[in-house]
Every structure is written in C-alpha cells, then in structure tokens.
Amino acid sequence: MKHYILFLPVCFAFLVGSGDAGINKLNSFTPGSKWPDNNRNHINAHGGGILKSGDRYYWFGEHKIEGPAGNRAMVGVSCYSSADLYNWVDEGIALKVVEND
C-alpha cells in the first residue's frame, strides 16, 4: 500500500500542470505583465506571428536568451499553441539553430 500512497501525488501533480489544464487559467490580457505559458514560464517568442489551424492558434517566434549573446540566434524558433489566445502551451522548438561546418 505504501507504493500507491507515494505514487498518487506524483500523478496528480503531472495532470494539473500539463497541457491546457492549469490552475490559473487566464481570461484577460494584462499589459506590462509577464505572460506565462502552461509551465508558468514567461512566453519566449520574440518577433513572432500567430497562425490558426482548425480550432487552435500557433504562435511562432524567436527564442531569446539572457546576457550579451541574447540578440544572436542561439536556440531557434519557439512554438506555442492555444485555443483561446490567453492560455498558451509550450510546444517546444519548431526550428532549431544548426551550426554550419
């Protein structure tokens, strides 16, 4: 029985923090505030654009890093998806930076 007691909190934490399901769903914009994704990280899609496919929106933009190298392409193009334009799911890097040899 001890295995089930330890396992249930881990499963619950995963389900609450995944996908569009979140504790703090947004229903309005707040100019000047950080805009969190489903992982509660600030959305990182600079100079981006939004496309709609079916009932989902996709936001593509350059992933920037902190520090002096932040204005150079270091990571690639991020992708986020949303059903309502308020709440965004981090879909990962759509186009990765590749070093030329």
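Our subject is the structure listed above.
Numbers given for residues are sequential positions, taken from 1 along each chain in its written order. Side-chain atom pairs in this predicted model are given and counted only at pLDDT of 80 or more, local residue features only at pLDDT of at least 70, and totals for whole chains, interfaces and linings cover all residues. Side-chain numbers come from the whole structure's heavy atoms, not from hydrogens or water.

DSSP calls a pair of strands paired once it identifies at least 2 bridges connecting them. Numbered from the N terminus, helices here are DSSP runs of H or I no shorter than four residues, and strands are runs of E no shorter than two. Taken in spatial order, the 4 strands make up an open sheet running 1-2-3-4, and their pairing is antiparallel. The open sheet terminates on both sides in strands that have one partner only, identified here as strand 1 (46-53) and strand 4 (89-96). Ignoring strand direction, the axes of neighbouring strands in this sheet form an average angle of 25°. Here strand 3 (residues 76-82) runs beside strand 4; their pairing, made up of 6 bridges, is antiparallel. Across the sheet, Ser78 pairs through a bridge with Ile93, a residue of strand 4. Angles run from 0 to 180 degrees between N-to-C directions of axes, and those axes are lines fitted to C-alpha atoms, restricted for helices to the stretch in contact.

Ring pairs are drawn from Phe, Tyr and Trp, using the six-membered ring of Trp, whenever the two centres fall within 6.5 Å, and their geometry is named by plane angle: stacked under 30 degrees, edge-to-face over 60, tilted for the rest. Per the counting criterion, the structure on display carries 5 aromatic pairs. On the numbers, 5.4 Å between centres and 90° between planes, the contact of Phe29 with Trp35 is edge-to-face. Relative accessibility decides the category of a residue: with a 1.4 Å probe and only protein chains considered, values under 20% of the type maximum give buried, values over 50% give exposed, and everything between is partly exposed. According to the relative accessible area criterion, Phe29 is partly exposed, its value standing at 48%. Accessibility expressed as a relative area gives 24% for Trp35, which makes it partly exposed. Three or more aromatic residues joined by ring pairs make a cluster, and in this case those are Phe29, Trp35, Trp59, Tyr80, Tyr86 and Trp88.

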